[in-house]
Amino acid sequence: MVDELGVAVVGFGWMGRVHTQAYARLPHHYPDLPLRPRLVTVAEEVPGRAEEAAERFGFASATRDWREVAADPRVRAVSITAPNFLHRRIGVAMAEAGKHLWIEKPVGLTAADARAVADAVAAAGVQGTVGFNYRNAPAVEAARDLIAAGEIGAVTHVRIRLLSDYAAHPDSALTWRYERARGGSGVLGDLASHGADLARFLLGDIASLTADTAIFVPERARPAGATAGHALASGGALGPVENEDYVSCLLRFASGARGVLEACRVSVGEQNDYGFEVHGTRGAVFWDFRRMNELGVSRGTTYQDQPVSTVYVGPGAGEFAAFQPGAANAMGYDDLKVIEAGRFVRSVAEGTPYGATLADAVHSAAVLDAMTESAERGTWVSPRACCTG
């Protein structure tokens, strides 16, 4: 008999749906998990949205007030998929109520926010998983293993890119995402947070960095009502975009390797162009999210004119075997969140962390704070200095 884990979802935009669907798929992909999620309640302040979610996905109840989730004894674990400015308040409250957390990145607006949630989780003795989903791709985990094994020699440099067009339309609604007080540092928190996590996941700690940022669409139209995703709002009164559309950053790793991280939310012609290129003294490895199950690998002793081979990852890489029986069978984005959900539930069941943790969120947020400080000061900054205090 498998025990049930009462779960709640707080915030029901697109990511709330992704979390909910991931919980529902766990028994199919991970039948041996010692806990099986049960959808207890969903919280969403937009009128009618929580009730619609409950009816569509099978939550036992719905509420507009996330505080009711914290007080609900049926709930043992909570997905926090609300806007960034609510992460700290909700995360700390849920941890203090004894709930395990699966919380989306960037876990607040600053490293101080992420650290507050991490401290609350540690003090409560609950588990905390963070939504750095790209590290869950089996090809990314295979690349990490390849790098760690020295297959490409000592790493010399890396380029990480996260380019998208989701905010490229000038009529995109002026939602919370574009406000400093509620959306934080714009594309830094939205996309560069993933880049910072991938950099550390693959190559270790970042010792220092220097960054440049820009706003390319300075005004957007205010929406007339509630919005979801990246809706358009042409014709409304214009308001200022307060946070960054673009960031470029030079990185120096503790290992001595160098890097470039670039992220943009207004790149016309780019749809989810996320990936990395890691070069070493004897080879290289390349990954493109749009070809998620492939790696480009160059290794050997030829050096000059050394070829690059395409490797299709299979059941031996990461969690691939939970989804497909053989190499070159495709996996998709939602599968990465199922992996994340599985690791979260296993963390709760066994009392030990699996996957990305709140400590990883603090490290990523410290890098984002350092980028912001560097862009303002025009100097090199250590992310570690931003983690203190």
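Definitions and limits used
- Residues numbered from 1 in each chain as written.
- Predicted model: local features only at pLDDT ≥ 70, side-chain atom pairs only at ≥ 80, totals over all residues.
- Heavy atoms only, no water.
- Disulfide = S-S within 2.5 Å.
- Helix = DSSP H or I, 4+ residues; strand = E, 2+ residues; numbered from the N terminus.
- Buried < 20%, exposed > 50% of the residue type's maximum accessible area, 1.4 Å probe, protein only.
- Pairing = 2+ DSSP bridges.
- Axes fitted to C-alpha atoms, helices over the stretch in contact; angles between N-to-C directions.
- Salt bridge = Lys/Arg side-chain N within 4 Å of Asp/Glu carboxyl O.
- Contact = heavy atoms within 4.5 Å.
- Phe/Tyr/Trp six-rings, centres within 6.5 Å; stacked < 30°, edge-to-face > 60°.

*Asks:* Any details on the state of the cysteines? Residues and values, ideally.
*Replies:* Following the criterion strictly, the structure yields zero disulfides and no others. There is no disulfide at Cys-264, and the cysteine sulfur nearest it, in Cys-249, is 15 Å away.

*Asks:* So what about unusual backbone geometry? Which residues, and what values?
*Replies:* With an omega dihedral of 5°, the bond running from Lys-105 to Pro-106 counts as a cis peptide bond. Backbone geometry at Asp-305 places phi at a positive 65°, although glycine is not the residue there. Position of Asp-305 relative to the elements: it lies in the loop between β15 (294–299) and β16 (309–312). A relative accessible area of 72% means that Asp-305 is categorised as exposed.

*Asks:* Before we move on, can you summarise the environment of Thr-301 with the specific residues and values?
*Replies:* Within the secondary structure, Thr-301 sits in the loop between β15 and β16. Exposure remark for Thr-301: the relative accessible area of 64% places this residue in the exposed category. C-alpha separation for the pair Thr-301 and Arg-282, spaced 19 residues apart in sequence, amounts to 6.6 Å.

*Asks:* Can you break down the sheet that holds strand β12 (residues 258–264) residue by residue, with the values?
*Replies:* Taking strand neighbours across the sheet as the criterion, the eight strands line up as β8-β11-β12-β7-β13-β14-β15-β16 in an open arrangement whose pairing is mixed. In this open sheet, the two strands that pair with only one neighbour each are β8 (206–214) and β16. Averaged over neighbouring strand pairs, the angle between their axes works out to 15° when direction is ignored. Bridge count between β15 and β16: four bridges; the pairing is antiparallel.

*Asks:* Tell me what's going on with the pattern of salt bridges, and back it up with residues and numbers.
*Replies:* Under the defined criterion, the tally for this structure stands at 27 salt bridges. In this structure, the salt-bridge partner of Asp-273 is Arg-161, at a minimum N-O distance of 2.7 Å. Of this pair, Asp-273 sits in strand β13 (residues 273–280) while Arg-161 sits in strand β7 (residues 155–163), and the two are 112 residues apart along the sequence. A relative accessible area of 9% means that Arg-161 is categorised as buried. For Glu-319, the salt bridge identified is with Arg-343, shortest N-O distance 3.4 Å. Here Arg-343 lies in helix α9 (residues 333–350) and Glu-319 lies in the loop between β16 and α9, a separation of 24 residues in the sequence. When its relative accessible area of 22% is taken as the criterion, Glu-319 is described as partly exposed. Linked through salt bridges whose partners overlap, the residues forming this network are Arg-159, Arg-161, Asp-273, Glu-277, Asp-288 and Arg-290.

*Asks:* Can you tell me about helix α6 (residues 138–148), naming the residues and giving the values?
*Replies:* With respect to burial, α6 is a largely interior element, eight of its 11 residues being buried. Taken as a whole, α6 has its buried residues at Pro-138, Ala-139, Val-140, Glu-141, Ala-142, Ala-143, Leu-146 and Ile-147. At its buried positions, α6 is contacted by β7, α8 (187–203), β13, β14 (283–288), β15 and α9.

*Asks:* Can you break down the side chain of Thr-129 residue by residue, with the values?
*Replies:* Here Thr-129 is to be found in strand β6 (residues 128–130). The buried category is assigned to Thr-129, whose relative accessible area is 2%. Once you skip the residues sitting within four places of it in the chain, Thr-129 turns out to touch Leu-101, Trp-102, Ile-103, Glu-340, Phe-344, Ser-347, Tyr-354 and Ala-356.

*Asks:* Would you mind going over the packing of aromatic side chains in detail, with residue names and values included?
*Replies:* Taken as a whole and assessed by the stated rule, the structure comprises 14 aromatic pairs. Centre to centre, the rings of Tyr-134 and Tyr-274 are 5.4 Å apart; their planes meet at 70°, and the pair counts as edge-to-face. In this pair, Tyr-134 is assigned in the loop between β6 and α6 and Tyr-274 in strand β13, connecting sequence segments 140 residues apart. Accessibility assignment for this pair places Tyr-134 and Tyr-274 in one class, buried. An aromatic cluster of at least three residues, connected via ring pairs, comprises Trp-14, Tyr-134, Tyr-274, Phe-276, Trp-287, Phe-289 and Tyr-333.

*Asks:* Now, about the pairing of β12: what can you tell me, with residues and values included?
*Replies:* With seven bridges joining them, β7 and β12 adopt parallel strand pairing. Bridge pairing in β12 links Arg-161 to Glu-262. One ladder, built from seven bridges, connects strand β11 (residues 246–253) with β12; its direction is antiparallel. Its bridge partner being in β12, Val-247 is matched across the sheet by Ala-263.

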